[in-house]
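Each chain is listed here by its residues.
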Amino acid sequence: MRRFTLRTGIRWKITLAIAAVGALVTIALSLVVHSAARVSMLESARDVQLERVQFISRNAEAGRKPPMGAKLNDPELPVELRQKAQSGRRGTYVQERPHGLPEVWAAVPLGNGMVLSLHTPFRESTTLLNDLDRALVIGGLSAVIAGSALGVLIGGQISRRLRKAAAASQRVAHGDPDVRVRDAVGGVVRDETDDLARAVDAMADALQQRLEAERRVTADIAHELRTPVTGLLTAAELLPPGRPTELVRDRAQALRALVEDVLEVARLDSASERAELQDVALGEFVSRRVKALMPEATVRIVADEVVSTDPRRLERILGNLLANAARYGQPPIQVDVEGRVVRVRDHGPGFPEALLREGPSRFRTGSTDRAGVGHGLGLTIAEGQARVLGARLTFRNVAAPGVLDRSMTAAGTPAGGAAGAVAVLWLPEHAPTATGSFPVLKLPPD
């Protein structure tokens, strides 16, 4: 069962965190302020009520009738306040109502043993509390909104820096040695993003140095092997005819081809190769080369075009693609030329998923039989030569006819099976210069 994952940006995570903290702080402060204000207003109302009842009690002891609202021995007087007044003490009491305003009571004992009490609803203070609550809500919402906006700005800046770092890291992963993540991040702020960028740059430099060392060792070994392998081939020619001699010559030839391929890969990896450009008619060129390299393959020219490219390198790419199709695919093998695009298709089991996912890898073939021919450098060399030409080489599989399930796997392989592999060479519209770069085009003015 596939696990559901929710992907959110760091900007919105920071915004939600600030909004949540702001809301919690606002609610807590609002509750504290509301409670403190209510207690203060109630205390003030009780003091005022006690002063009123004391003033009325002095008039009542003088024989005057208590004003409206003040009562003697009121039966509704709360029990606690009545007992306190009967003991000879004055006091106040707040009586809460389940569905109404609270009432503030005040009572004082009189000299004749009676209890004078006064009660009024807590109306004016309640209105003030409602206004205070409304102001607290508006202020809290404003604080949450302002905090969220600040979170968007801060999170956006961090997210932008991280996206730049990720994009630069992707370029480094794709083999661009001149990219520095710290330069791509930029800015004057020094934070954890800068630490991450410097760490990635240091890792990329270390990996680059290690790769360069491995390439030099590989090239040196292959170069040193050329002389003994040439001597081995010469010695094999002097052997008497027979089956053992043929086996020795065959293995010596394979060893020589491997050494030459390793040297070619080393030169391509060093990025020192430059194309020797010529104008060629692509359709005619491909037809002649395919006929010479693989006569049984069919060539279909949809649209011919004159391109500026290196014929020797183009022939090398075409030969490697045809050899790979013949070795791991099945006939018929078809080559299509459409403008600047060359397609080589076979009708075999298709490219392995690892190649579609990661691209060609040296010393890894599409066959599980390690005793078979081939050493996995053909497509690697083809991709490297295409890079020298400024071209792009892509690989995909074709779904088998009649397959109902057309969904694709993660590697790009048809889920219902493959009916062949297709290698597509996309030649550039503008050929690379002598330095390996591409010319800057000056567009005519409008």
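The preceding data block contains the structure.
What you see is a predicted model, and the numbers here were worked out from it, not measured in a lab. (Residues numbered from 1 in each chain as written. Predicted model: local features only at pLDDT ≥ 70, side-chain atom pairs only at ≥ 80, totals over all residues. Heavy atoms only, no water.)

Asks: Residues and numbers for the overall build of the protein chain, please.
Replies: A tally of regular secondary structure across the protein chain gives 10 helices and 11 strands. When burial is assessed residue by residue, the protein chain has 34% of its 446 residues classed as buried. Carbon together with sulfur atoms contributes 58% to the accessible area of the protein chain, which is approximately 27700 Å² in total. (Helix = DSSP H or I, 4+ residues; strand = E, 2+ residues; numbered from the N terminus. Buried < 20%, exposed > 50% of the residue type's maximum accessible area, 1.4 Å probe, protein only. Areas by Shrake-Rupley, 256 points an atom, 1.4 Å probe, with all protein chains shown as cover.)

Asks: Which residues make up the pairing of strand β9 (residues 341-345), and what values go with them?
Replies: Alignment of strand β8 (residues 334-338) against β9, held across 5 bridges, turns out to be antiparallel. What sits directly across from E338, in β9, is V341. Hairpin remark: β8 followed by β9, antiparallel, with 2 residues in the connecting loop; positive phi at G339, about 65 degrees. (Pairing = 2+ DSSP bridges.)

Asks: Tell me what's going on with empty space enclosed by the protein, and back it up with residues and numbers.
Replies: In total, this model carries 1 cavity of 30 Å³ or more according to the counting rule given. As a volume, the largest cavity reaches approximately 50 Å³. Looking at the largest cavity, the residues that line it are L321, N324, A325, V344, D346, F351, L379, A421 and A423. For the lining of the largest cavity, the elements supplying multiple residues, two or more each, are α8 (311-328) and β11 (418-426). The element best represented in the lining of the largest cavity is α8, accounting for 3 residues. Here the lining of the largest cavity is composed, by residue class, of 7 nonpolar, 1 polar and 1 charged. (1 Å grid on protein atoms, 1.4 Å probe; cavity = no way out; pocket = protein on both sides within 12 Å on 5 of 7 lines; lining within 4 Å. Points joined across faces, edges and corners; volume = space filled by probe spheres on them. Nonpolar A, V, L, I, M, F, W, Y, C, P; charged D, E, K, R; others polar.)

Asks: Report on α8, specifying residues and quantitative values.
Replies: Every α-helix winds through 3.6 residues per turn, so residues three or four apart in the chain are directed the same way. End to end, α8 covers 26 Å across 18 residues, agreeing with the expected 26 Å (1.5 Å per residue, within 8%). N-capping of α8 is provided by D310, with a side-chain oxygen placed 3.1 Å from the backbone N of R312. (Expected span 1.5 Å × (residues − 1). Polar contact = N/O pair within 3.5 Å; in protein donor to acceptor, adjacent residues only side chain to side chain.)

Asks: Report on the sheet that holds strand β2 (residues 91-95), specifying residues and quantitative values.
Replies: What the 4 strands build is an open sheet, ordered β1-β4-β3-β2; its pairing is antiparallel. Across the chains shown, the open sheet's two edge strands, defined by having one partner strand only, are β1 (70-72) and β2. Each strand axis lies, on average, 25 degrees off the axis of its neighbour in the sheet, ignoring direction. In terms of strand pairing, β1 meets strand β4 (residues 115-121) through 3 bridges, oriented antiparallel. By the bridge assignment for β4, A70 is matched with L118. (Axes fitted to C-alpha atoms, helices over the stretch in contact; angles between N-to-C directions.)

Asks: Tell me about the nonpolar core, and please be specific about residues and values.
Replies: Of all hydrophobic cores here, the largest spans 35 residues; its most connected members are L282, V286, L321, L322, F351, F395 and L425. Looking at this core, the elements that each hand over two or more residues are α7 (282-293), α8, β8, β9, α9 (353-358), α10 (378-388), β10 (392-399) and β11. Broken down by element, the residue count for this core peaks at 6 residues, all from α8. Apart from the residues lying within four places of it in its own chain, the contact partners of L321 are V344, L379, A382, L393, F395 and A423. Counting residues in each nonpolar core, the second largest holds 9 residues, with I56, A70, L110 and L116 among its members. (Core = buried A, V, L, I, M, F, W, Y, C linked by side-chain atoms within 4.5 Å. Contact = heavy atoms within 4.5 Å.)

Asks: Explain the environment of A423 to me, and be specific about the residues and the numbers.
Replies: Tracing the backbone shows A423 in strand β11. A423 sits 26 residues away from N397 along the chain, and the two C-alpha atoms are 8.7 Å apart. Not counting residues within four places of it along the chain, the set of residues in contact with A423 comprises L321, V342, R343, V344, F351, T394 and F395.

Asks: Before we move on, can you summarise the packing of α7 against α8 with the specific residues and values?
Replies: In contact at an axis separation of 10 Å, α7 and α8 are set at 50 degrees when each is read in the N-to-C sense. The angle between α7 and α8 places the two elements in the oblique class. The chirality of how α7 crosses α8 is right-handed. Judged by residue contacts, L282, F285, V286, R289, V290 and L293 of α7 engage P311, L314, E315, L318, G319 and L322 from α8. (Parallel < 35°, antiparallel > 145°, perpendicular 65-115°, else oblique. Left-handed = near helix turned anticlockwise from the far one by under 90°.)

Asks: Just give me the short version of the pattern of salt bridges, but keep the residues and values in it.
Replies: If you walk through the whole model with that rule in mind, you get 9 salt bridges. Across the salt bridge formed by D131 and R134, the nearest N and O atoms sit 2.9 Å from each other. Of this pair, D131 and R134 both sit in helix α3 (residues 123-173), 3 residues apart, which is roughly one turn of the helix. Classification of R134 by relative accessible area gives partly exposed; the value is 48%. (Salt bridge = Lys/Arg side-chain N within 4 Å of Asp/Glu carboxyl O.)

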